[in-house]
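Each chain, letter by letter, is given below.
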Amino acid sequence: MGSYVEQARENHVKKKVEEALRSKMKAKALNECDQFVSKYAECATGRTFSVVWTCRKQAKELNTCLHQFTNDKVLEEMKREYMIQEEGKVSASTA
């Protein structure tokens, strides 16, 4: 039973790490796509329902940009870098 609890804790930590990495990935994407965010926000200002068709071009440009920085490949690379950093920390503490 002890190993089940340890495994559950480990998975919880992994989920927390993944959530943090996703958050970091999204923040980076918004930063990288700032010009498209601004264009979309400018278009959407003062609109309600019409934003869907009036700002379609800006929304598509924004989504295209965001997708470059928020996809599974990027997330897997971030996870890989995180694991390398963690392994380095473990190696340094045991040396």
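Everything discussed here concerns the structure shown above.
Keep in mind it's a predicted model, so treat the numbers as computed, not measured.

Draft legend 1. How the structure looks around a nonpolar patch on the surface. Residues Phe-49, Val-52 and Trp-53 make up a contiguous nonpolar surface patch of about 420 Å² in total accessible area. Structurally, the position occupied by Val-52 is in helix 3 (residues 51-54). A residue is classified by how much of its surface remains accessible, and Val-52, at 54% relative accessible area, is exposed.

Draft legend 2. Layout of the nonpolar core. By size, the foremost hydrophobic cluster in this structure holds six residues: Ala-29, Cys-33, Phe-36, Leu-62, Cys-65 and Leu-66. Setting aside residues up to four positions removed in sequence, Leu-66 forms contacts with Ala-29, Leu-30 and Cys-33.

Draft legend 3. Expanded view of the environment of Met-78. As for its placement among the helices and strands, Met-78 is situated in helix 5 (residues 72-94). For Met-78, a relative accessible area of 16% translates into the label buried. Taking the C-alpha atoms as reference points, Met-78 and Leu-21, separated by 57 residues in sequence, lie 6.9 Å from one another. Contact partners of Met-78, with chain neighbours within four places excluded, come to Leu-21, Lys-24 and Met-25.

Draft legend 4. How the structure looks around the state of the cysteines. Using the criterion set out here, one finds two disulfides in the structure. Between the sulfur atoms of Cys-33 and its disulfide mate Cys-65 the distance is 2.0 Å. Note on the Cys-33 and Cys-65 pair: the S-S dihedral is about -90°, so by sign convention the disulfide is left-handed. Of this pair, Cys-33 sits in the loop between helix 1 (2-32) and helix 2 (34-44) while Cys-65 sits in helix 4 (residues 56-69); the two residues are 32 residues apart in sequence, bridging distant segments of the chain. You'll find Cys-33 and Cys-65 in the same group, each marked buried. Counting only the cysteines that take part in disulfides, in the order they occur along the protein, gives the pairing 1-4, 2-3.

Draft legend 5. Representation of the pattern of salt bridges. Across all of its chains, the model carries five salt bridges by this definition. Across the pair Lys-79 and Glu-76 runs a salt bridge whose closest N-O atoms are separated by 3.4 Å. Pair noted here: Lys-79 and Glu-76 are both in helix 5, with a separation of three residues, about one helical turn. Residue class for Lys-79 comes out partly exposed when judged on its relative accessible area of 24%. Looking at Glu-76, the relative accessible area reads 46%, which means it is partly exposed. Overlapping salt bridges, with partners in common, bring together Glu-18, Arg-22, Glu-76 and Lys-79 in one network.

Scoring rules and cut-offs
- Residues numbered from 1 in each chain as written.
- Predicted model: local features only at pLDDT ≥ 70, side-chain atom pairs only at ≥ 80, totals over all residues.
- Heavy atoms only, no water.
- Patch = residues over 30% accessible without salt bridge, like charges linked within 9 Å, V, L, I, M, F, W, Y side chains within 5 Å.
- Areas by Shrake-Rupley, 256 points an atom, 1.4 Å probe, with all protein chains shown as cover.
- Salt bridge = Lys/Arg side-chain N within 4 Å of Asp/Glu carboxyl O.
- Helix = DSSP H or I, 4+ residues; strand = E, 2+ residues; numbered from the N terminus.
- Buried < 20%, exposed > 50% of the residue type's maximum accessible area, 1.4 Å probe, protein only.
- Core = buried A, V, L, I, M, F, W, Y, C linked by side-chain atoms within 4.5 Å.
- Contact = heavy atoms within 4.5 Å.
- Disulfide = S-S within 2.5 Å.

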